[in-house]
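# Survey of secondary and tertiary structure
Here's the letter readout for the chains.
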Amino acid sequence: MKFTREQRLEIGRKIYVGKITKTEASITYNIDPSTARAYMRYYRDKNGLPPRSNGIEV
């Protein structure tokens, strides 16, 4: 399924803020975990945010 820019940003936001994990997003939205990671990075970059502070670059 193709997602709009806004939908990709929303999925990325949920991952970035910790509401869902990349694995949960991949199952919920039927996307590859690497796509979920890309959506999170897309959200982060579009909003000028730093890498997540959990000590792991995601």
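Data block above holds the structure.
The following refers to the structure shown.

Here is what the cut-offs are and how they apply
Residues numbered from 1 in each chain as written. Predicted model: local features only at pLDDT ≥ 70, side-chain atom pairs only at ≥ 80, totals over all residues. Heavy atoms only, no water. Axes fitted to C-alpha atoms, helices over the stretch in contact; angles between N-to-C directions. Helix = DSSP H or I, 4+ residues; strand = E, 2+ residues; numbered from the N terminus. Parallel < 35°, antiparallel > 145°, perpendicular 65-115°, else oblique. Contact = heavy atoms within 4.5 Å. Nonpolar A, V, L, I, M, F, W, Y, C, P; charged D, E, K, R; others polar. Salt bridge = Lys/Arg side-chain N within 4 Å of Asp/Glu carboxyl O. Buried < 20%, exposed > 50% of the residue type's maximum accessible area, 1.4 Å probe, protein only.

### Quick word on the packing of helix α1 (residues 5–16) against helix α3 (residues 33–46)
If you want to describe how two helices pack, look at the angle between their axes and the distance between the axes. Where α1 contacts α3, the axes come no closer than 7 Å and their chain directions differ by 95 degrees. By the criterion of interaxial angle, the relationship of α1 to α3 is roughly perpendicular. Judged by residue contacts, R5, R8, L9, I11, G12, R13, I15 and Y16 of α1 engage A36, Y39, M40, Y42, Y43, R44 and K46 from α3. Its residues assigned to classes, the contact of α1 with α3 shows 9 nonpolar, 1 polar and 5 charged.

### Remarks on the pattern of salt bridges
Taken as a whole, this structure holds 3 salt bridges when the rule is applied. The residue E6 makes a salt bridge to R5 at a minimum N-O spacing of 3.7 Å. Residue class for R5 comes out partly exposed when judged on its relative accessible area of 41%. A salt bridge links R13 to E10, with the shortest nitrogen-to-oxygen separation between them at 2.7 Å. Linking R13 with E10, this pair stays in helix α1, spanning 3 residues, or about one helical turn.

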